[in-house]
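# Survey of secondary and tertiary structure
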Amino acid sequence: MNWFTRVRNSLSFLPKRASEKDLWIKCPSCQEMIFAQEYHDNDDVCPRCEHHGRIGADRRLELLLDGGYVVMDQPDVREDPLKFKDTAKYTDRLKKARAKSPHKDAFVVGFGSIEGRAAVVGVQDFTFMGGSMGMAVGTAFCKGAEQALSLGCPYVVVTAAGGARMQEGILSLMQMPKATVMTRRLKEAGLPYIVVLTDPTTGGVTASYAMLGDLHIAEPGALIGFAGQRVIKDTIREQLPEGFQRAEYLHKHGMVDMVVPRHELKDMLATVIDYLQPRKAA
């Protein structure tokens, strides 16, 4: 009998189906074993080394918005326009992803307030097909921007993506200029567009709306870049510096404005909204 089993058996109040996998989480950074409940109570941040784990869209909205916020309906778009199939049909991949998620796609928008300041928050969910950007994500991003324009409030976007969705081909890449146009509309309206970069933010998302904010905030240790490190290393044929493409490295080199721990993020957003939000005429 291993020590996991002994600990589990000593906790008589646990349901029969609970297993050591349910009870413990191994931190991918420090390799320490942590009680799952302790980890989740700490907002999925390792209490030993402060490694920031990935969280879903609903949990992110709960952490950033005050109570009583509203989640916008996700837009309907044409699915599988290219009739794409690799080892599985694109429609089957969508069904599989939706079976594990309460949402239809990878971008969820909520609006309400952040410490009493009105805001629209869009969140990219990496658990849904790697947060990949297709027509549904691009359209949802634009709907969130339109909501911010309608309410006259800041638009906060939390990114987490592996890039564009290959199953939609050129149609996924068209979301890059479409989203860019919406960021320009926010700028012309004088409304803050704030980007929170989380792990990982890569590919076409980085090449478009993820790096077009008035302010870029990153979570500690987040991987942020366009091409992968192996591709870059093989292209330039040089050893990459330690911490390359991580939040702290990008902050040091001016690509990110600040690195903010998850526990402090809501307060920091409230502060920067106060600075960036246009003042009403007296």
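Presented here is an overview of the structure given in this document. Counting starts from 1 at the beginning of each chain's written sequence and moves along it residue by residue. The model is predicted, so local features are restricted to residues of pLDDT at least 70 and side-chain atom pairs to those at 80 or more, both for listing and for counting; the totals for chains, interfaces and linings are taken over all residues. The side-chain values count all of the structure's non-hydrogen atoms but skip hydrogen atoms and water molecules.

### Looking at the overall build of the chain
Secondary structure elements follow DSSP: runs of H or I of four or more residues count as helices, runs of E of two or more count as strands, with numbering from the N terminus. Looking only at helices and strands, one finds twelve helices and nine strands in the chain. Principal-axis analysis of the C-alpha atoms gives the chain an extent of 65 × 50 × 45 Å. By the burial criterion, 46% of the 282 residues in the chain qualify as buried. Contacts: residue pairs with any heavy atoms within 4.5 Å of one another. Counting only contacts in the chain whose residues sit at least 6 apart along the sequence, the fraction spanning at least 24 positions is 64%. Only protein chains enter the area calculation, which uses a 1.4 Å probe; residues under 20% of their type maximum are buried, those over 50% are exposed, and those in between are partly exposed.

### Structural notes on helix 5 (residues 90–99)
Restricting attention to buried positions, one finds in helix 5 the residues Y90, L94 and A97. For helix 5, the buried positions fall inside an angular range of 65° around the axis, keeping them on one side. Turned more than 90 degrees away from the buried face of helix 5 sit K95, K96 and A99, all of them exposed. Each direction from the helix axis to a C-beta atom contributes to the arc, which is the arc of those directions.

### Looking at the pattern of salt bridges
Where charged atoms of side chains with opposite charge meet at close range, the side chains can pair. Put simply, a salt bridge is a Lys or Arg side-chain nitrogen that is within 4 Å of an Asp or Glu carboxyl oxygen. For the structure shown, the criterion picks out 13 salt bridges. Residues R48 and E38 are paired through a salt bridge, measuring 3.3 Å at the closest nitrogen-oxygen approach. Of this pair, R48 sits in the loop between helix 3 (36–41) and helix 4 (57–64) while E38 sits in helix 3, and the two are ten residues apart along the sequence. Judged by relative accessible area, R48 falls into the partly exposed class, the value being 45%. Between R93 and D86 there is a salt bridge, with its nearest N and O atoms 2.6 Å apart. On the accessibility criterion, R93 (28% relative accessible area) is partly exposed.

### Thoughts on the state of the cysteines
The disulfide criterion used throughout: a pair of cysteine sulfur atoms within 2.5 Å. The tally for this structure, following the rule as stated, stands at zero disulfides. Take C27: it sits in no disulfide, and the sulfur closest to it among the cysteines is that of C49, at 3.6 Å. In this model C30 remains outside any disulfide bridge; the closest cysteine sulfur is found in C27, 3.7 Å from its own.

### Examining the sheet that holds strand 3 (residues 70–71)
Think of it this way: DSSP has to see at least two bridges between two strands before they count as a pair. Reading across the sheet, the seven strands line up as 3-4-5-6-7-8-9 and stay open at both edges, with mixed pairing between neighbours. Edge positions in the sheet fall to strand 3 and strand 9 (258–259), since each has one partner strand and no second. As paired elements, strand 8 (residues 215–218) and strand 9 share two bridges and run parallel to each other. Bridge pairing links A218 to V259 in strand 9. Packed onto the sheet, helix 6 (residues 135–151) meets strand 4 (107–114), strand 5 (117–124), strand 6 (155–161) and strand 7 (193–201) and runs at close to 20° relative to strand 4. Helix axes use the C-alpha atoms of the stretch in contact, all axes being lines fitted to C-alpha atoms, and the angles between their N-to-C directions lie in the range 0 to 180 degrees.

### Points about a nonpolar patch on the surface
A contiguous nonpolar surface patch, about 290 Å² in accessible area, is contributed by I170, L173 and M174. As for its placement among the helices and strands, I170 is situated in helix 7 (residues 169–173). Patch membership is restricted to residues that have no salt bridge and whose relative accessible area is over 30%. Joining uses 9 Å for like charges and 5 Å for the nonpolar side chains Val, Leu, Ile, Met, Phe, Trp and Tyr. For accessible areas, the Shrake-Rupley method is used with a probe of radius 1.4 Å. Any residue's cover is judged against the shown protein chains and nothing else.

### Points about the environment of V256
Within the secondary structure, V256 sits in the loop between helix 11 (247–252) and strand 9. Distance in space between the C-alpha atoms of V256 and R59 is 24 Å, their sequence separation being 197 residues. Excluding residues within four positions of it along the chain, V256 makes contact with L197, H216, I217, A218, I224, L250 and H251.

### Quick look at the side chain of H216
Inspection of the secondary structure assignment puts H216 in strand 8. Judged by its relative accessible area of 8%, H216 is buried. Nitrogen and oxygen atoms within 3.5 Å of one another constitute a polar contact, given that in protein one can donate a hydrogen and the other can accept it, and given that sequence-neighbouring residues count only through two side-chain atoms. In this structure the side chain of H216 is engaged in a polar contact, spanning 3.4 Å, whose partner is the backbone oxygen of A210. Not counting residues within four places of it along the chain, the set of residues in contact with H216 comprises V195, L197, A210, M211, M255, V256, D257 and M258.

### Topic: the pairing of strand 6
Counting buried positions over the seven residues of strand 6 gives seven, a clear majority of the element. Of the two faces of strand 6, both are covered, the one formed by Y155, V157, T159 and A161 as well as the one formed by V156, V158 and A160. In the sheet, strand 5 pairs with strand 6 via four bridges, with the strands oriented parallel. Bridging across to strand 6, V121 finds its partner in V156. Crossovers are marked right-handed if the path from the first strand over the helix to the second runs clockwise, as seen with the strands pointing away from the viewer. A crossover links strand 5 with its parallel partner strand 6, the connecting element being helix 6, and its sense is right-handed. Direction of pairing for strand 6 relative to strand 7: parallel, over a ladder of six bridges. Bridge pairing in strand 7 places Y155 opposite Y193.

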